[in-house]
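For reference, the chains in residue letters:
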Amino acid sequence: MDFLRPSTWEEALAAKAAHPEAVPIAGGTDVMVELNFDRRRPPALLDLTRVAALTEWGGDGDLLRVGAGVPYRRIIEELGGRLPGLAMAARTVGSPQIRNRGTVGGNLGSASPAGDAHPPLLAAGAEIELASVRGVRRVPVDEFFTGPKRSVLAPDELIAAFWMRPARTGDQFAKIGTRNAMVIAVCSFALTLDRERRTVGTGIGSAAPTPVRAPAAEAFLAASLDWDSPGAVPPAVAAEFGRLVAAAAAPIDDVRGTAAYRRHALSVLARRTLTWAWEGSR
Amino acid sequence: MRLNCTVNGEKRQADDVWPGESLLYVLRERLGLPGSKNACEQGECGSCTVYLDGTPVCSCLVAAGQAEGRAVVTVEGLEFGRVQEAFLAAGAVQCGFCTPGLVVAVHDLLARADKPSDPDIREALAGNLCRCTGYEKILDAVRLAAQ
Ligand SMILES: Cc1cc2nc3c(=O)[nH]c(=O)nc-3n(C[C@H](O)[C@H](O)[C@H](O)COP(=O)(O)OP(=O)(O)OC[C@H]3O[C@@H](n4cnc5c(N)ncnc54)[C@H](O)[C@@H]3O)c2cc1C
Ligand code: FES
Ligand code: FES
């Protein structure tokens, strides 16, 4: 097995173009499990941890560009104020050791329906920046996932970064699992309420073949909320929002939970996060 | 592949390394440092925790090639001090398999926080499993070490 060790982004893209079969490795928290258990024997690994550009983030106009290689720990510590929904999700990933290494780029690369970074990216309408020697393209995150563990990433492409609008305060994320640490989500839900633009964003995890939005729930809520009112969300609105979120999911029965449980839990998470986000954004 | 890195302050070299093997394997099988334990090889148990460039990580999830030129500190490289003494005094060691990883994790916690609260301690140790002690004695040891 070859081990490719680019030290710049240009070298990394050239290496991926020359060795499209090489498996990129960032934090290794998914890749190494597969190697350790002999589930994968790629002809080459492409180590991205020496590419400094991947670990940088910064603002560009009213959008933030966050490098694919920024680990969860830094998302929490450095971006918790600007991207609170993503930081909430990051806090639930694995354990400190996992958050020290694992990256959002790796989460996207694995494209698991249960990846915890995905719902907040969906709720915020993030864009994923993909690059190759052919050029750069930005893909809306809801077009990124094409199936369980599959995405639009081409064999010669790498994930460079994601772009997101910093939230004010109306971001929430909630996840169901058997304990607080170290759990793959039974299901998860992220919500973004933007009072200024009067928009609603949603993201559902672990309850469909890919992470998905709930567009009907978003449209209903945006139209039903009394955006100027300081009062609480009417219970009937919250209940219907929960129902529409659950309806957007396409869950299955598996070892972690049944489809029926997932639907029920999603409607509860949707109602709760709505209450928290509405109060948080007042 | 030849691997060069600094381990516990010493420049070390290992030959015939398969690039996809883990840093844990390199430490235990090639560099004669069996302190870091291998219990799961999937990041779940934390018994392989080491510092990589100053950050605690599961060495079973670091590809050997990723450690090239990096600085690794294993449990063997930590000076015997308040953390290890507290584990002994509190009875936080039974079979001892989880202990090296816990010692590194607690060492890191106390370097970051002087007087960690109980929730801080639980959070910091969430990635370290122990099948013997039921954790109470481990919490006692951390509180003792922090005194
Ligand atoms: C004990 C444990 C607990 C976990 N808990 C959680 C959890 O709670 N929630 C959760 O969502 N995940 C969890 N995971 C899974 C994993 O930590 C995450 O998916 C993490 O985000 C992966 O990031 P990484 O940098 O380690 O990826 P890697 O393992 O390095 O890579 C993952 C995939 O992405 C590809 N890739 C990485 N970077 C790029 C890039 N820049 N361009 C193109 N492809 C790329 C790789 O080729 C690979 O296919 C857990 C894993 C372990 C071992
Ligand atoms: S052996 Fe590495 S975490 Fe269990
Ligand atoms: S003392 Fe045996 S696993 Fe912790």
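Residues numbered from 1 in each chain as written. Chains lettered and ligands numbered in written order. Predicted model: local features only at pLDDT ≥ 70, side-chain atom pairs only at ≥ 80, totals over all residues. Heavy atoms only, no water.

1. Points about the interface of chain B and chain A
Interface size is commonly expressed as the accessible surface area that is lost when the partners come together. Heads up, the condition is: Whether two residues touch is decided by their heavy atoms; if any such pair falls within 4.5 Å, the residues are in contact. The buried area of a pairing is the accessible area, by a 1.4 Å probe, that goes missing from both parts when the two are put together, added over both. By salt bridge we mean one thing: a side-chain nitrogen of Lys or Arg within 4 Å of a carboxyl oxygen of Asp or Glu. In the analysis that follows, any N or O atom pair within 3.5 Å is treated as a polar contact, provided that within protein one partner can donate a hydrogen and the other can accept it, and provided that, for residues neighboring in sequence, both atoms belong to side chains. Secondary structure elements follow DSSP: runs of H or I no shorter than four residues count as helices, runs of E no shorter than two count as strands, and numbering proceeds from the N terminus. In this classification, Asp, Glu, Lys and Arg are treated as charged, Ala, Val, Leu, Ile, Met, Phe, Trp, Tyr, Cys and Pro as nonpolar, and every other residue, Gly included, as polar.
The interface of chain B with chain A comprises 34 residues on the first partner and 29 residues on the second. Looking at the side of chain B facing chain A, the largest losses of area belong to B:Trp18, B:Leu61 and B:Gln66, adding up to 25% of the total buried there. Applying the counting criterion to the chain B and chain A interface returns 1 salt bridge. For A:Arg99, the salt bridge is made with B:Glu123, and the minimal N-O distance between the two is 2.5 Å. One can count 14 residue pairs in polar contact (both at pLDDT 80 or more) joining chain B with chain A. Those elements that provide at least two residues to the side of chain B that touches chain A are strand S3 (49-52), strand S4 (55-58) and helix H4 (118-124) of chain B. Counted by class, the side of chain B that touches chain A contains 16 nonpolar, 11 polar and 7 charged residues.

2. A look at the nonpolar core
Selection criterion: By nonpolar core we mean a set of buried residues, namely Ala, Val, Leu, Ile, Met, Phe, Trp, Tyr and Cys, connected to one another through side-chain atoms within 4.5 Å. Each residue's exposure class comes from its accessible area (1.4 Å probe, protein chains only) as a fraction of the maximum for that residue type: buried when under 20%, exposed when over 50%, partly exposed otherwise.
One finds A:Trp9, A:Leu121, A:Ile128 and A:Phe162 to be the most contacted residues of the largest nonpolar core, which totals 58 residues. Listed in part, the 29 residues of the second largest apolar core include A:Ala249, A:Ala265, A:Leu269 and A:Trp278.

3. Brief notes about helix H1 (residues 23-30) of chain B
All names here are of chain B. Our working definition: Taking the helix axis as origin, the arc is that swept by the directions to the C-beta atoms.
Within H1, burial applies to Leu23, Leu24, Val26 and Leu27. Each buried residue of H1 lies within a common arc of 165° when the element is viewed along its axis, so the set occupies one face. Along its buried surface, H1 packs onto strand S1 (3-7), S3 and strand S5 (71-73). Backbone geometry just after H1 places Gly32 at a positive phi near 65°.

4. Observations regarding the pairing of S3(B)
Residue and element names in this part refer to chain B. Just so we agree on the cut-off: Two strands form a pair only when DSSP identifies at least two bridges running between them.
Side chains of S3 alternate between two faces, with Thr49 and Tyr51 and Val50 and Leu52 buried alike. The pairing of S3 with S4 spans 4 bridges and is classified as antiparallel. Directly across from Val50, in S4, lies its bridge partner Val57. Hairpin connection from S3 to S4: 2 residues lie between these consecutive antiparallel strands, with Asp53 at a positive phi of about 45°. Sheet topology note: the S3/S5 ladder contains 2 bridges and is antiparallel. When the sheet's bridge partners are listed, Tyr51 is paired in S5 with Val73.

5. Regarding the domain arrangement of chain B
All names here are of chain B. Here is the rule we go by: Each domain's limits were defined by an automated method or a database of domain assignments.
One can read the domain layout of chain B as domain 1 (3-77) and domain 2 (82-146). Between the C-alpha centres of domain 1 and domain 2 there is a distance of 21 Å. In this assembly, domain 1 packs against domain 2 so that about 1000 Å² is buried in total across both faces, 66% of it on carbon and sulfur atoms. Where domain 1 meets domain 2, there are 5 residue pairs in polar contact (both at pLDDT 80 or more). Tallying contributions element by element places S3 first for the side of domain 1 that touches domain 2, with 3 residues. Classifying every residue of the side of domain 1 that touches domain 2 gives 6 nonpolar, 5 polar and 2 charged.

6. Quick word on the domain arrangement of chain A
Once the domains are mapped, chain A shows domain 1 (1-46) and domain 2 (170-280). Distance from the C-alpha centre of domain 1 of chain A to the C-alpha centre of domain 2 of chain A: 36 Å.

7. Points about the packing of helix H9 (residues 235-248) of chain A against helix H10 (residues 259-280) of chain A
Residues and elements named next belong to chain A. Basically, it comes down to this: In this description, a line fitted to the C-alpha atoms serves as the axis of each element, helices being fitted only across the stretch in contact, and the angle between N-to-C directions of two axes falls anywhere from 0 to 180 degrees. In this scheme, roughly parallel covers angles under 35 degrees and roughly antiparallel covers those over 145, while 65 to 115 is roughly perpendicular and the rest are oblique. Should the near helix be turned anticlockwise from the far one by less than a right angle, the crossing is left-handed, and should it be turned clockwise, the crossing is right-handed.
In the contact formed by H9 and H10, the axes pass within 8 Å of each other and the chain directions differ by 135°. Compared by their axis directions, H9 and H10 come out oblique. Viewed along their axes, H9 and H10 form a crossing whose handedness is right-handed. Only Arg263, Leu266, Ser267, Ala270, Arg271 and Leu274 of H10 make contact with H9, whose side of the interface consists of Ala238, Ala239, Phe241, Gly242, Arg243, Val245, Ala246 and Ala247. Across the contact of H9 with H10, the residue classes tally to 9 nonpolar, 2 polar and 3 charged.

8. Comments concerning the packing of aromatic side chains
Residues and elements named next belong to chain A. To keep things clear, this is the line we draw: Aromatic contacts are taken between Phe, Tyr and Trp rings whose centres are within 6.5 Å, Trp giving its six-membered ring; a plane angle under 30 degrees counts as stacked, one over 60 as edge-to-face, and the others as tilted. In this scheme, Lys NZ or Arg CZ marks a charge over a ring once it lies within 6 Å of the ring centre and within 35 degrees of the ring normal.
A complete count under the given rule lists 3 aromatic pairs over all chains for this structure. Between Phe189 and Phe241, the ring centres sit 6.2 Å apart and the planes meet at 65°, which makes this aromatic pair edge-to-face. Placement of Phe189 in strand S12 (residues 187-194) and of Phe241 in helix H9 is noted, with a sequence separation of 52 residues between them. For the pair shown, Phe189 and Phe241 are each scored as buried. A cation sits over an aromatic face here: Arg138 above Trp163, 3.9 Å from the ring centre. Against the face of Trp278 rests Arg195, its NZ or CZ located 3.6 Å from the ring centre.

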